[in-house]
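Geometric and topological summary
Single-letter residue listing:
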Amino acid sequence: MEILKRTADALQQGEHQQVATLVAEALGAGIPAGDVLQQGLLAGMNVVGEQFRLREIFLPDVLMAAKAMYAGLDVLKPHLASEGVPSRGKIVIGTVKGDLHDIGKNLVGIMLKGAGFEVIDLGHDVAPEAFVDTAVREEATLIGMSALLTTTMPSMTGTIKALQEAGLRDQVKVMIGGAPVTDGFAKQIGADGYSPDASSAVRLAKSLVAA
Ligand code: B12
């Protein structure tokens, strides 16, 4: 759809106001929020990621694109999260220590809220102890960790160890995600589940609280 392509292009250019306007227009035209997210915002961010990898663009460009992504998400958020769903349980989420990437984690949080989870978002650069302490204090049954850097993935292992040391490993389920994370890595570190995107993260969270 033309307007979604324009949204993706505007995001790549870091035109945050333009992105917000186009997202509002697309929603006004009756395009489902999920399509605006996938074919507009995420499609644009995928191109940005690829261009950054190939060194065709640089960090300031990625920051501008991230700002545009957030401008779009702000408009989209109320349409992704449905209100008044009964609580399915509490989840503590965050991006692991040393890692500042929070767009994917925030998307997962929005979708979980929409599905009726109470989400306690610790933000980014979250130490293992902070995940565990918050889970204890809030009596959460799930922890969700995000990592976008191969160098920060080991911090996920740290959280699982800290849970074990606190004697809580049986009471709190752990799910992980982020671009470099795989199912194999999740199994290797003893997490309860991995999922590659925000909608499957919701299915995973539901299955973990039901188990
Ligand atoms: C935007 C971005 C940035 C922005 C982040 C802004 C922000 N507020 O988040 C900025 C400019 C700050 C940045 C900085 C850096 N970045 Co950067 N960045 C990206 C980029 C282009 C996009 C990431 C993104 O937002 N994607 C969109 C979201 C929606 O996708 P996602 O995060 O994968 O999340 C989805 C799934 O993974 C999953 N998911 C995510 N979290 C969770 C959690 C759970 C529990 C579950 C179940 C699922 C799940 O669901 C999400 C939604 O569908 C990626 C490229 C890429 N291919 O990922 C590089 C990338 C991640 N960055 C990279 C690098 C190297 C850096 C820097 C080190 C660069 C530098 N030289 O300084 C710094 C590191 C800063 C730090 N300490 O964290 C590399 C990492 C390489 C590696 N393998 O380690 C990448 C892969 C780029 C590349 N190809 O080289 N970056």
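Calculation criteria
- Residues numbered from 1 in each chain as written.
- Predicted model: local features only at pLDDT ≥ 70, side-chain atom pairs only at ≥ 80, totals over all residues.
- Heavy atoms only, no water.
- Near = heavy atom within 4 Å.
- Polar contact = N/O pair within 3.5 Å; in protein donor to acceptor, adjacent residues only side chain to side chain.
- 1 Å grid on protein atoms, 1.4 Å probe; cavity = no way out; pocket = protein on both sides within 12 Å on 5 of 7 lines; lining within 4 Å.
- Sits in = over half its atoms within 2 Å of the grid points.
- Donors = N, O, S within 2.8 Å, 3.2 Å for Na, K, Ca; no water.
- Helix = DSSP H or I, 4+ residues; strand = E, 2+ residues; numbered from the N terminus.
- Core = buried A, V, L, I, M, F, W, Y, C linked by side-chain atoms within 4.5 Å.
- Buried < 20%, exposed > 50% of the residue type's maximum accessible area, 1.4 Å probe, protein only.
- Contact = heavy atoms within 4.5 Å.
- Pairing = 2+ DSSP bridges.
- Right-handed = clockwise from strand over helix to strand, strands pointing away.

Observations concerning the site of the ligand
- Of all residues adjacent to the ligand, which total 36 residues, the nearest are Leu100, His101, Asp102, Ser146 and Thr150.
- Asp99 is positioned with one of its side-chain polar atoms (N or O) 3.5 Å from an oxygen atom of the ligand.
- Measuring from a nitrogen atom of the ligand, one finds a side-chain N or O atom of Asp102 at 2.7 Å.
- Most atoms of the ligand, that is more than half of them, are within 2 Å of grid points of the largest pocket.

Section: the coordination of the cobalt atom of the ligand
- Protein coordination of the cobalt atom of the ligand rests on one atom only, His101 (NE2), at 2.3 Å.
- Here His101 is to be found in the loop between β1 (89-95) and α5 (103-114).

A word on the nonpolar core
- If you look at the biggest cluster of nonpolar residues, it comprises 44 residues, and the most contacted ones within it are Leu11, Leu41, Leu76 and Leu112.
- If you tally residues by element for this core, the top one is helix α4 (residues 59-80), at 8 residues.
- Those residues in contact with Leu41 that sit more than four places away from it in its chain are Thr7, Leu11, Val19, Val23, Val36, Met69, Gly72, Leu73 and Leu76.
- Counting 25 residues, the second largest nonpolar core, distinct from the first, contains Phe131, Ala140, Leu168 and Ile176.

Some points on the environment of Gln12
- Position of Gln12 relative to the elements: it lies in helix α1 (residues 2-13).
- Taking the C-alpha atoms as reference, Gln12 lies 9.7 Å from Gly49; in sequence the two are 37 residues apart.
- Excluding residues that lie within four positions of it along the chain, Gln12 makes contacts with Gly44, Val47 and Val48.

Focus on the pairing of strand β4 (residues 173-177)
- Most of β4 sits out of view: 4 of its 5 residues are buried.
- Here strand β3 (residues 142-146) runs beside β4; their pairing, made up of 5 bridges, is parallel. Bridging from a neighbouring strand, Leu142 pairs with Lys173 of β4.
- Tracing the backbone out of β3, into helix α7 (residues 154-165) and back to the parallel element β4 gives a crossover that is right-handed.
- Relative to strand β5 (residues 193-194), β4 runs parallel, the two being bridged by 2 bridges. The residue of β5 that forms the bridge with Met175 is Gly193.
- Crossover handedness for the path β4 to helix α8 (residues 183-189) to β5: right-handed.

Spatial relationships are all this shows, so hold off on functional conclusions.
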